[in-house]
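Residues per chain are reported as follows:
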Amino acid sequence: MIENRLLTSFVAVAEELHFGRAAARLNLAQPALSRQIMMLEDRLRVRLFDRTQRRVELTAAGRAFLERARRILAEIERATDEVKRVASGTAGRLAIGFIHSSTFSVSPSIFRAFRRQFPNIELRLSEMTIAEQLMALENETIDIGILRPPIANDRISSRRLRIEHFVLAVPGDHPLAAREKVWLRELSDEDFVLFSQHNSQLFHSRTVSMCDRAGFLPRIVQHATQIHTVLGLVSASLGISIVPDVARELNMRNTRILEIEDRPDPVSVDVAWRATDRSPSLASFVDLAVGMGQTEIGGRHVEGGRKGEA
């Protein structure tokens, strides 16, 4: 095994071609430097220098080894710097899952700010459903999830990024389109475009539940999974829909967004991670994301709630 100190000593002598100057450069006694060069030559079983009382010259083997030694030392220096950056949370890699609707609110701003502040941390991004993210966090295929609670898993910690109230989306030519607000009970005879129970269980169950409390069950004429699809179907006059207020960010043509007087309980967007993960780069992402989540981004301001620590 060739130690780093032997390579450093060799490069110094090869560049100075003088043992005295190389020893001074390395802050070593000349006899100690000579012993290190002899030890290196012994381990390589080649002569690296031709020495006389008047001069020191590299052999052909020495010239070839000098190039490799410089590369090795440079790579060690780069590796050392990278390890220090990873340990400090300024370098590394993060795999992040995110729900589709977050791309209309918090995700783009967070990703942009994080890449700007931590350019040496690579982000690997994947659009996923809430269920897929929870499974991926368990399986350690992602490090961070941007999703909606509830999270019924004590092994996963989370912080709130954004709170979203429910609003009503109606076609632009609908009789309610001239209104600013509406009571849920007024919608009992309407056709609904509803989020899919299979892929959007949270929104589906919340919509059915709030309508039930208002005294009716929604008459569902069409299901969809993504919020832009739901709004597209509303725009096509297939029905009305109850959606989170991030829908305003889509500015869908021929669609009006109304407040709901009943003020059903809101939903939130959280950042989640494995509770046992103490990665500095993960902590950097969570801190930045939560900080930005405390600023209004196309919606109402909310203080960042807490379940566990990064």
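Residues numbered from 1 in each chain as written. Predicted model: local features only at pLDDT ≥ 70, side-chain atom pairs only at ≥ 80, totals over all residues. Heavy atoms only, no water.

A. Region of interest: helix H5 (residues 106-117). With 12 residues, H5 ought to run about 16 Å at 1.5 Å a step, and its terminal C-alpha atoms sit 17 Å apart, in line with that. Within H5, burial applies to Val-106, Ser-107, Ser-109, Ile-110, Phe-111, Ala-113 and Phe-114. (Helix = DSSP H or I, 4+ residues; strand = E, 2+ residues; numbered from the N terminus. Expected span 1.5 Å × (residues − 1). Buried < 20%, exposed > 50% of the residue type's maximum accessible area, 1.4 Å probe, protein only.)

B. Structural view of the pairing of strand E7 (residues 166-171). The element E7 is largely enclosed, with a buried count of 6 among its 6 residues. Neither face of E7 is open: one carries Phe-166, Leu-168 and Val-170, the other Val-167, Ala-169 and Pro-171, and all of them are buried. The pairing of E7 with strand E11 (residues 241-244) spans 4 bridges and is classified as antiparallel. Each bridged residue has a counterpart across the sheet, and for Phe-166 the counterpart in E11 is Pro-244. (Pairing = 2+ DSSP bridges.)

C. Representation of the environment of Arg-25 within the structure. Position of Arg-25 relative to the elements: it lies in helix H2 (residues 19-26). Spatially, the C-alpha atoms of Arg-25 and Ala-12 are 7.5 Å apart, while their sequence positions differ by 13 residues. Leaving out residues up to four positions away in the same chain, Arg-25 has contacts with Ala-12, Glu-15 and Glu-16. A polar atom in the side chain of Arg-25 sits 3.2 Å from the side chain of Glu-16. (Contact = heavy atoms within 4.5 Å. Polar contact = N/O pair within 3.5 Å; in protein donor to acceptor, adjacent residues only side chain to side chain.)

D. How the structure looks around the sheet that holds E11. An order of E8-E12-E7-E11 is seen for the 4 strands of this open sheet, with the pairing classed as mixed. On the outer flanks of this sheet lie strand E8 (181-182) and E11, each paired with one strand and no other. Pairing of E8 with strand E12 (residues 255-260), which is carried by 2 bridges, proceeds in the parallel orientation. Following the sheet pairing, Val-182 is matched in E12 by Ile-260. Relative to the sheet, helix H7 (residues 201-213) contacts E7 and E11, its axis offset from that of E11 by approximately 125 degrees. (Axes fitted to C-alpha atoms, helices over the stretch in contact; angles between N-to-C directions.)

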